[in-house]
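Given next are the chains, with one letter for each unit.
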Amino acid sequence: QVQLVESGGGLVQAGGSLRLSCAASGRTFSTYAMAWFRQAPGKEREFVGRINWSGSATGYTDSVKGRFTISRDNAKNTVYLQMNSLKPKDTAVYYCAASTFPVNVAVTPSGWHYWGQGTQVTVSS
């Protein structure tokens, strides 16, 4: 069982930056692929980006490429989402997710095994 706790959300003006953190419990964090998803009101949860077990490979949805960066610190059992040049359309609840596989390319929520409770990100225009 893995527990995930996100933090770092808040209100920011368009063009600003935020860094989200996701702290994981358990000794097997370093073997898990991790991902970030987001869900805006009235919309389905959508894939934002993913990172493999070692941090050597990442992938992003097109709308955030060049603006968002995922990283991880396995010594701290934490994965990060650095968000720059934020836009109002980035407003959503952001969730981190874990997979028991070291590499996971799934872009649908059903492909991930554990979820955090989410953190709200609001970008004002």
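Quick note: structure is the one above.
Attention here is on the structure that accompanies the text. Remember, it's a predicted structure, so these values are computed and weren't measured experimentally.

What counts, and where the lines are drawn
Along each chain, residue indices are assigned from 1 in the same order as the chain's sequence is written. Reporting in this predicted model follows two pLDDT cut-offs: at least 70 for local features of residues, and 80 or more for side-chain atom pairs to be given and counted; totals over whole chains, interfaces and linings ignore these cut-offs and use all residues. Side-chain descriptors were evaluated using all non-hydrogen atoms of the structure, hydrogens and water having been removed beforehand. Only runs of H or I of at least four residues qualify as helices and only runs of E of at least two qualify as strands under DSSP, and these elements are numbered from the N terminus. We call two residues in contact whenever any of their non-hydrogen atoms come within 4.5 Å of each other. What makes a patch is a set of residues exposed beyond 30% relative accessible area and free of salt bridges, joined within 9 Å when like-charged and within 5 Å when nonpolar (Val, Leu, Ile, Met, Phe, Trp, Tyr). Using a 1.4 Å probe, accessible areas were evaluated by the Shrake-Rupley method; residue-level cover was limited to the displayed protein chains. Salt bridge, as used here: a side-chain nitrogen of Lys or Arg that lies within 4 Å of a carboxyl oxygen of Asp or Glu. The rule for pairing is simple: two strands pair if DSSP sees at least two bridges between them. Where helices are involved, their axes are fitted lines through C-alpha atoms of the stretch in contact, as for all axes, and angles between N-to-C directions lie from 0 to 180°. We call a residue buried when its accessible area falls under 20% of the maximum for its residue type, exposed when it is over 50%, and partly exposed in between, using a 1.4 Å probe and counting protein chains only. Think of it this way: a Phe, Tyr or Trp ring, Trp meaning its six-membered ring, pairs with another when their centres are within 6.5 Å, and the plane angle makes it stacked under 30 degrees, edge-to-face over 60, tilted otherwise. Two conditions define a charge located above a ring, namely a distance within 6 Å from the ring centre to NZ of Lys or CZ of Arg, and an angle within 35 degrees of the ring normal.

**Looking at the side chain of Ser21**
By the element assignment, Ser21 lies in strand E3 (residues 18-24). Apart from residues lying up to four places away in sequence, Ser21 is in contact with Val5, Glu6, Ser7, Trp36, Thr78, Val79 and Tyr80.

**Re a nonpolar patch on the surface**
Together, Trp53, Val103 and Val105 make up a nonpolar patch on the protein surface, roughly 300 Å² of accessible area in all. Counting through the fold element by element, Val103 comes out in the loop between strand E9 (92-99) and strand E10 (114-115).

**Focus: the sheet that holds E3**
Spatial strand order, E1-E3-E8-E7: four strands in an open sheet with antiparallel pairing. Bordering the open sheet on either side are strand E1 (4-7) and strand E7 (68-73), each of which pairs with just one other strand. Across the sheet, the axes of successive neighbouring strands diverge by a mean angle of 15 degrees, strand direction being ignored. Note that E3 and strand E8 (residues 78-83) share six bridges and pair antiparallel. Looking at the pairing, Leu20 lines up with Leu81 of E8.

**Details of the environment of Ser71**
Here Ser71 shows up in strand E7. We classify Ser71 as partly exposed; its relative accessible area is 33%. Separated by 23 residues in sequence, Ser71 and Val48 place their C-alpha atoms 13 Å apart. What Ser71 contacts, discounting residues up to four positions off in sequence, is Ile51, Val79 and Tyr80.

**Brief notes about the packing of aromatic side chains**
Each aromatic ring pair is described using two quantities: the centre-to-centre distance and the angle formed by the ring planes. In total, this model carries four aromatic pairs according to the counting rule given. Considering the side-chain rings of Tyr95 and Trp115, the 6.5 Å spacing of their centres and the 80 degrees angle between planes classify their relative orientation as edge-to-face. Taken together, the residues Tyr95 in strand E9 and Trp115 in strand E10 connect sequence positions 20 residues apart. The exposure class of Tyr95 is buried, given its relative accessible area of 12%. We classify Trp115 as partly exposed; its relative accessible area is 26%. Linked through ring pairs, Phe37, Phe47, Tyr95, Trp112 and Trp115 together constitute an aromatic cluster. The ring of Trp115 has Arg45 lying over it, and the distance from NZ or CZ to the ring centre is 4.9 Å. Its end group placed over the ring of Phe29, Arg72 keeps NZ or CZ at 4.5 Å from the ring centre.

Nothing here speaks to function; it is all geometry.
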